[in-house]
Structure formats: structure tokens, C-alpha cells
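# Structure at a glance
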Amino acid sequence: MKSEQTSMTTPTVFHITHQKAGSQWVAEILKYCALDRVQLPKLDVGHFVQEPIQLGRFYLAVYVTKPEFDAVLANTVNVHTLKYGLKYPRNLWTNYKNFQKDKCSYLKVVVIRDLHDTLVSSYFSFKISHILLTKRHIEMRQLLNSCNLEEGLIAILKYPIFRYKKKQLFKHLGQRILILF
């Protein structure tokens, strides 16, 4: 019963960020802020989209845009709501009840890294140090190893995070905590 009371009064916290923003480093620091409340990251933000949001938890490394975030919390109906709602219908209704109907509180900690730093970090991660999890990662490593530095940086600029998600992250700003570095 005590944990239910805690989750009703303690806000759910979302560490919203993008790839190559030092998200794992920041997540390690944030873990110490709420050891017993941490919801560990899963591949493809599974910890955020695959189950209903657990109230009072601290969600680390949530790589989503504002429209995607709003869809998961059932704030708005849009293409992302359909994407997540059709795949995980229980989540949509549970999250809607908790965050819209019952007005459970939540906070966002938004971390956005300087684009230049993100570009250079992405280049070396994809070329040398990243674990190759997808076919896209393998193709990117092959491409970067076949071209010079300038061509490689231009190729990274075409990667989706630089085309879309970074701009969309700024839409999270306004009423929440922001860390830019």
C-alpha cells in the first residue's frame, strides 16, 4: 500500500534526450537521484512504449520527440498515437487514465547536446566503437570506413537524428528542466 501512495504523490520523471547526447553517462548520474525508482532503458525505447507507464518511476534515456511523447501519454491523437495505440492498446488507455483523466504528475528532464559535438561523437561511434545492433549500423560502419573524414561527417549528417529528432526535441521545452551541453 505504501508504494501505491508514493507513486500517487511522487511525480513520474522522464529523461528525454537523443542519441549521442551522452545519454548513458547522464543516465548513470540520474540513477543515483532515484535508485529505487529507476526504469532501465530498453532497445527502441521499449521501457517507455511497451508497457503502461508506471507512476512514480524514473524513466532513463527516453529517445522520443514531443509528438511521440504526447502519444504515449495519450495527450493527443496523432499518427504516433495510432502507431503506439494499435501496437500497445492497453498502454494508451492506462496512460490516458493516469495522465489525462487523473492528472498524475510528471516531470521531464530534457538533455540536448550541441550539434557539433553530436556529429563528431556519432562519427567515431559508428566508425569505431558502437556495438553493431542493426543492419543500418553495419552499413554505416562500412560506409564510414570506405570514405575520408569529410565525406563521413556529411554521411552522418544525413542520419535521421540530424534530419528530424533533434529539432523535435526542442518542442519539449517550456515548462520542464533543460540541460544543454
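Just above sits the structure.
Cut-offs and rules
Residues numbered from 1 in each chain as written. Predicted model: local features only at pLDDT ≥ 70, side-chain atom pairs only at ≥ 80, totals over all residues. Heavy atoms only, no water. Axes fitted to C-alpha atoms, helices over the stretch in contact; angles between N-to-C directions. Helix = DSSP H or I, 4+ residues; strand = E, 2+ residues; numbered from the N terminus. Parallel < 35°, antiparallel > 145°, perpendicular 65-115°, else oblique. Contact = heavy atoms within 4.5 Å. Nonpolar A, V, L, I, M, F, W, Y, C, P; charged D, E, K, R; others polar. Salt bridge = Lys/Arg side-chain N within 4 Å of Asp/Glu carboxyl O. Buried < 20%, exposed > 50% of the residue type's maximum accessible area, 1.4 Å probe, protein only.

A word on the packing of helix H7 (residues 115-129) against helix H8 (residues 135-145). The angle between the axes and the distance between the axes are what describe a pair of packed helices. Interaxial distance between H7 and H8 falls to 8 Å at its minimum, and their mutual angle equals 100 degrees. As far as their axial angle goes, H8 and H7 are roughly perpendicular. On the side of H7, the interface is formed by Tyr-123, Ser-125, Phe-126, Lys-127, Ile-128 and Ser-129, while H8 contributes His-137, Met-140, Arg-141, Leu-144 and Asn-145. Here the contact of H7 with H8 is built from residues that sort into five nonpolar, four polar and two charged.

A pair can form between side chains of opposite charge whenever their charged atoms are brought close. Applying the stated criterion across every chain yields a total of four salt bridges. Put simply, Glu-28 and Lys-31 hold a salt bridge, and the shortest N to O gap is 2.7 Å. On the criterion of helical spacing, the pair formed by Glu-28 and Lys-31 is a turn pair, its members being three residues apart in helix H2 (residues 23-31). Judged by its relative accessible area of 22%, Lys-31 is partly exposed. The salt bridge partner of Glu-139 is Lys-135, with a shortest N-O separation of 4.0 Å. Separated by four residues within a single helix, Glu-139 and Lys-135 lie in helix H8, roughly one turn from each other. The class of Lys-135 is exposed, set by a relative accessible area of 62%.

Moving on, we come to the packing of H8 against helix H9 (residues 149-157). It is at 9 Å that the axes of H8 and H9 come closest, and there the two elements cross at 155 degrees. Taken together, the axis directions place H8 and H9 in an arrangement best described as roughly antiparallel. For the pair formed by H8 and H9, the contact residues are Met-140, Leu-143 and Leu-144 on the first element and Gly-152, Ala-155 and Ile-156 on the second.

If you trace the backbone, Gln-50 turns up in the loop between helix H3 (46-49) and strand E3 (58-62). Since its relative accessible area comes to 34%, Gln-50 is described here as partly exposed. Spatially, the C-alpha atoms of Gln-50 and Lys-87 are 8.5 Å apart, while their sequence positions differ by 37 residues. Contact partners of Gln-50, with chain neighbours within four places excluded, come to Tyr-88 and Asn-91.

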